[in-house]
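Structural overview
The lines below spell out each chain.
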Amino acid sequence: MKVTFGQQTTKVKQLADLISQEISMGKYKSDCALPSINNLSRDYQVSRDTVFKAFIDLKDRGIIDSTPGKGYYVTNKRRNVLLLLDEYSPYKYLLYNSFIKNLSIHYKVDLLFHQYNERLFNTILRESLGRYNKYIVMNFDNEKLSPHLYKIDSSKLLLLDFGKFDKKDYSYVCQDFDTSFYNALASLKDRLKQYQRLILLFPEDIKHPRSSCEYFIRFCEDHHIESAIIENADEIKVLHGEAYIAIRQIDVVSIIKKSRAAGLTCGKDFGLIAYNDTPAYEVIDQGITALSINWEELGHKAAEFVLTGKEIKTYLPTEIHLRSSL
């Protein structure tokens with residue numbers, strides 16, 4: 001098998017990355033001997049010295065080891081975990097703390113954020129292949145699965161917080177941004193009907209699944225509630241008798257500031273619902289009602305996947321934290 005090496009880095013590192021990727025995809029199993037240096041030199045059509053140095057690189061990473069009489073073999077260390085999240089937020093902090101708390105001290109967790117940058121996301125995945133026993137990943141896109149995730153052994157990968165698309169054979173713990181969102185609003189319908197209009201703030205550049213808009217419209221039509229979806233939150237005016245659903249925390253803050261400037265009281269003159277609960281929502285204006293999954297439970301289930309390796313495919317329910325803002 002002839003390997004084409006690029007110019008972006010050394011041939012040794014590229015070979016080490018290739019072997020690491022093949023280990024991740026299951027070509028070489030844990031605790032099993034790797035082919036000899038001579039065999040790999042012939043298979044990859046590189047010098048024995050290149051293979052030897054690639055083995056040293058992989059050994060330094062903790063991916064392989066060697067013993068007299070056994071040669072080089074794939075290690076069976078279950079201690080390195082990649083937790084790749086989209087971006088920092090207070091509820092991601094709850095997720096991370098729960099995840100760490102439910103693992104033993106023998107696990108080393110690398111926490112990284114891709115900031116919805118596809119190039120950064122792909123770079124992180126490419127450079128992490130073979131380095132970790134488990135990969136806990138939030139995708140950069142809520143509508144489709146990144147093809148770069150296909151390179152990770154399905155038994156090692158857990159997807160978090162994804163949309164309702166085909167996830168192949170991969171384990172996942174996700175939010176339901178559609179039916180569960182509808183049902184949460186339906187449980188609040190008697191309160192929401194007291195308002196003249198229900199408004200969903202859904203900025204154009206938001207990374208939230210757009211399918212939520214469809215289920216928001218469906219809910220309002222089914223329950224005869226006047227509604228609107230506003231994409232530019234800067235243009236919104238907080239009015240007496242209206243209720244607002246804000247997905248981004250910055251929009252919750254904006255609504256509160258505008259209402260105070262207008263002399264309106266949250267929960268009395270207008271209603272407010274936030275998406276994804278944070279500790280701050282418990283105390284702002286005597287409490288902001290929030291629709292949210294249990295982020296600590298998400299962290300717990302992710303840790304359970306790491307500890308047991310058991311397949312999991314589930315959606316967490318959207319919970320309602322009813323407070324004074326509604």
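Let me sum up the structure you'll find in this document. (Residues numbered from 1 in each chain as written. Predicted model: local features only at pLDDT ≥ 70, side-chain atom pairs only at ≥ 80, totals over all residues. Heavy atoms only, no water.)

Looking at the sheet that holds strand β10 (residues 242-246)
Reading across from one edge, β9-β8-β10-β11-β12-β14 is the order of the six strands in this open sheet, with mixed pairing throughout. Since the sheet does not close on itself, it has two edges, and those belong to β9 (227-230) and β14 (319-321), each with one partner. Averaged over all pairs of adjacent strands, the angle between their axes in this sheet comes to 20 degrees, without regard to strand direction. Judged from the four bridges that link them, β10 and strand β11 (residues 271-275) form a sheet pairing that is parallel. Bridging across to β11, Ala-243 finds its partner in Gly-271. (Pairing = 2+ DSSP bridges. Helix = DSSP H or I, 4+ residues; strand = E, 2+ residues; numbered from the N terminus. Axes fitted to C-alpha atoms, helices over the stretch in contact; angles between N-to-C directions.)

As for the packing of aromatic side chains
Under the criterion given, the structure shown has nine aromatic pairs. Seen from their ring centres, Tyr-182 and Phe-219 are 5.9 Å apart, and the 85 degrees between their planes marks the pair as edge-to-face. Of the two residues, Tyr-182 is situated in helix α6 (residues 179-187) and Phe-219 in helix α8 (residues 211-222); the sequence distance between them amounts to 37 residues. Above the ring of Phe-305, the side-chain terminus of Lys-134 is found at 5.8 Å from the ring centroid. Of note, Arg-218 hangs over the ring of Tyr-215, and the distance from its end group to the ring centre comes to 4.4 Å. (Phe/Tyr/Trp six-rings, centres within 6.5 Å; stacked < 30°, edge-to-face > 60°. Lys NZ or Arg CZ within 6 Å of the ring centre and 35° of its normal.)

What about the sheet that holds strand β4 (residues 108-113)?
Taken in spatial order, the six strands make up an open sheet running β4-β3-β5-β6-β7-β13, and their pairing is parallel. If you trace the sheet from one side to the other, it starts and ends with β4 and β13 (313-316), each paired once. Ignoring strand direction, the axes of neighbouring strands in this sheet form an average angle of 15 degrees. As paired elements, strand β5 (residues 134-137) and strand β6 (residues 157-160) share three bridges and run parallel to each other. Note that in β6 the partner of Tyr-135 across the bridge is Leu-157. Helix-sheet contacts for helix α4 (residues 90-101) involve β3 (80-85), β4, β5 and β6, and the interaxial angle to β3 is about 170 degrees. Running over the sheet, helix α10 (residues 295-308) touches β3, β5, β6, β7 (171-175) and β13 and is turned about 160 degrees from β5. (Contact = heavy atoms within 4.5 Å.)

Some remarks on empty space enclosed by the protein
Applying the stated rule across the entire model yields one cavity of 30 Å³ or more. Approximately 30 Å³ is the volume attributed to the largest cavity. Lining the largest cavity are Leu-125, Arg-126, Leu-129, His-148 and Lys-151. (1 Å grid on protein atoms, 1.4 Å probe; cavity = no way out; pocket = protein on both sides within 12 Å on 5 of 7 lines; lining within 4 Å. Points joined across faces, edges and corners; volume = space filled by probe spheres on them.)

Let's talk about helix α5 (residues 118-128)
All of the buried residues along α5 are Phe-121, Asn-122, Ile-124, Leu-125 and Ser-128. One side of α5 holds all its buried residues, which, seen down the axis, span an arc of 160 degrees. Against β3, β4 and β5 lie the buried residues of α5. Of the residues flanking the end of α5, it is Gly-130, one or two places downstream, whose phi is positive at about 85 degrees. (Buried < 20%, exposed > 50% of the residue type's maximum accessible area, 1.4 Å probe, protein only. Arc of directions from axis to C-beta.)

A short note on α8
Over its twelve residues, α8 extends 17 Å from the first C-alpha to the last, a length consistent with the 16 Å expected when each residue adds 1.5 Å. For α8, the set of buried residues is Ser-211, Ser-212, Cys-213, Tyr-215, Phe-216, Phe-219 and Cys-220. Where the residues of α8 are buried, they touch α6, α7 (189-192), β8 (197-201), β9 and β10. Phi turns positive one or two residues past the end of α8, at His-224, with a value near 55 degrees. (Expected span 1.5 Å × (residues − 1).)

Things to note about unusual backbone geometry
Unlike most non-glycine residues, Gln-45 shows phi in positive territory, near 55 degrees. With respect to the element layout, Gln-45 can be found in the loop between α2 (37-44) and α3 (48-61). We note that Gln-286 has phi near 65 degrees; this positive angle belongs to a residue other than glycine. Judged by relative accessible area, which is 68%, Gln-286 ranks as exposed.

Some remarks on the side chain of Thr-289
For Thr-289, the location among the structural elements is in strand β12 (residues 289-292). Taking relative accessible area as the criterion, Thr-289 reaches 0% and is therefore assigned buried. In this structure, Thr-289 is in contact with Leu-272, Ile-273, Ala-274, His-321, Leu-322, Arg-323, Ser-325 and Leu-326, ignoring residues within four places of it in sequence.

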